[in-house]
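# Residue-level structural notes
Here's the letter readout for the chains.
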Amino acid sequence: MKVTNETYKEYSQMVYRYLLSMTRDPALAEELTQETFYQAVKSVNRFDGSCRFSTWLCAIAKNQLAGYRRRHPKVDPLDEMAGRDGKDRPDTQTVTPEQSVLSEYGRVEIMKKLHAMDEPVREVMYLRIFGNLSFAQIGEITGRTENWARVTYYRGKEKLRKELEHDA
């Protein structure tokens, strides 16, 4: 496998959307996307074909984000969800049913509850709600199955619903 301009064109938007769903910062997502492809070019000889190329790229992207977060610790844990530009809503072209549910409740309270969820559930929730990704795409990104992503999201949504009902 070789990382070429065509490879970049094919996968860059997927990597960017993944990073955007995790950071809620378009500039940071773009920077990390570029760094992801730089690292992919440097280490393409380590790609052994045991997973899809897109999964491998998302793993690199996730590592790049983890490195960035180690170098730049957050001051406010809600920055990731509220967006670094101070907007209450993420920039999206269409509103999904999940996002419309978010608008019905106190946004900050929901963000606190999402942020407190365990990592695999939180990541799936972020990717689905803010990344507007399908369960198949989420499964591919996380290296799991579509069904795993669907079940994890459902369980996370039910947990969130119960917590919101409990607080009401």
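Residues numbered from 1 in each chain as written. Predicted model: local features only at pLDDT ≥ 70, side-chain atom pairs only at ≥ 80, totals over all residues. Heavy atoms only, no water.

Our next topic: the overall build of the chain. When helices and strands are counted, the chain shows nine helices and zero strands. In the chain, the succession of helices and strands from N to C terminus is α-α-α-α-α-α-α-α-α. A burial count over the chain gives 43% of its 168 residues as buried. Sequence separation of at least 24 residues holds for 62% of the intrachain contacts in the chain that already meet a minimum separation of 6. (Helix = DSSP H or I, 4+ residues; strand = E, 2+ residues; numbered from the N terminus. Buried < 20%, exposed > 50% of the residue type's maximum accessible area, 1.4 Å probe, protein only. Contact = heavy atoms within 4.5 Å.)

Moving on, we come to the environment of Pro 120. When you line up the elements, Pro 120 lands in helix α7 (residues 119-129). Since its relative accessible area comes to 39%, Pro 120 is described here as partly exposed. For Pro 120 and Tyr 153, which are 33 residues apart along the polypeptide, the C-alpha to C-alpha distance reads 9.5 Å. The contacts of Pro 120, once residues within four sequence positions are left out, are Trp 148 and Thr 152.

Applying the stated criterion to the full structure yields six aromatic pairs. Arg 128 extends its terminal NZ or CZ atom over the ring of Phe 135, reaching a point 4.1 Å from the ring centre. In this structure, Arg 128 is placed above the aromatic ring of Tyr 153, and the distance from its NZ or CZ to the ring centre is 5.9 Å. (Phe/Tyr/Trp six-rings, centres within 6.5 Å; stacked < 30°, edge-to-face > 60°. Lys NZ or Arg CZ within 6 Å of the ring centre and 35° of its normal.)

With that settled, consider the pattern of salt bridges. The full count for this structure, using the stated rule, is five salt bridges. Between Lys 62 and Glu 123 there is a salt bridge, and its shortest N-O distance comes to 3.3 Å. Placement of Lys 62 in helix α3 (residues 53-71) and of Glu 123 in helix α7 is noted, with a sequence separation of 61 residues between them. A salt bridge links Glu 146 to Arg 150; the nearest nitrogen and oxygen atoms lie 2.9 Å apart. Residue Glu 146 and its partner Arg 150 are both found in helix α9 (residues 146-167); the two are separated by four residues, about one turn of the helix. Judged by its relative accessible area of 37%, Arg 150 is partly exposed. (Salt bridge = Lys/Arg side-chain N within 4 Å of Asp/Glu carboxyl O.)

Another aspect to go through is the nonpolar core. Within the largest apolar cluster, 42 residues are counted, with the highest numbers of intra-cluster contacts made by Tyr 18, Leu 19, Leu 57 and Leu 114. Listed by contribution, the elements that provide at least two residues to this core are α1 (5-23), α2 (26-43), α3, α6 (107-116), α7, α8 (135-142) and α9. Contact partners of Leu 57, with chain neighbours within four places excluded, come to Tyr 11, Val 15, Thr 36, Phe 37 and Ala 40. (Core = buried A, V, L, I, M, F, W, Y, C linked by side-chain atoms within 4.5 Å.)

With that settled, the discussion passes to the environment of Ser 12. By secondary structure assignment, the location of Ser 12 is in helix α1. The buried category is assigned to Ser 12, whose relative accessible area is 8%. The spatial distance from the C-alpha of Ser 12 to the C-alpha of Thr 36 is 9.3 Å, given a sequence separation of 24 residues. Among residues more than four places away in sequence, those in contact with Ser 12 are Thr 33 and Phe 37.

In this section: unusual backbone geometry. Across residues other than glycine, the phi torsion is negative in most instances, and most of the peptide bonds are trans. With a phi close to 60 degrees, Arg 24 is a non-glycine residue in the positive phi region. Relative to the elements of secondary structure, Arg 24 occurs in the loop between α1 and α2. What makes Arg 24 buried here is its relative accessible area of 9%.

Here the focus is the packing of α8 against α9. The N-to-C vectors of α8 and α9 enclose an angle of 105 degrees; their axes lie 7 Å apart at closest approach. Considering their axes alone, α8 and α9 lie roughly perpendicular with respect to each other. Here Phe 135, Ala 136, Ile 138, Gly 139 and Thr 142 of α8 lie close against α9, whose contacting residues are Glu 146, Trp 148, Ala 149, Arg 150 and Tyr 153. Of the residues that constitute the contact of α8 with α9, the class distribution is six nonpolar, two polar and two charged. (Axes fitted to C-alpha atoms, helices over the stretch in contact; angles between N-to-C directions. Parallel < 35°, antiparallel > 145°, perpendicular 65-115°, else oblique. Nonpolar A, V, L, I, M, F, W, Y, C, P; charged D, E, K, R; others polar.)

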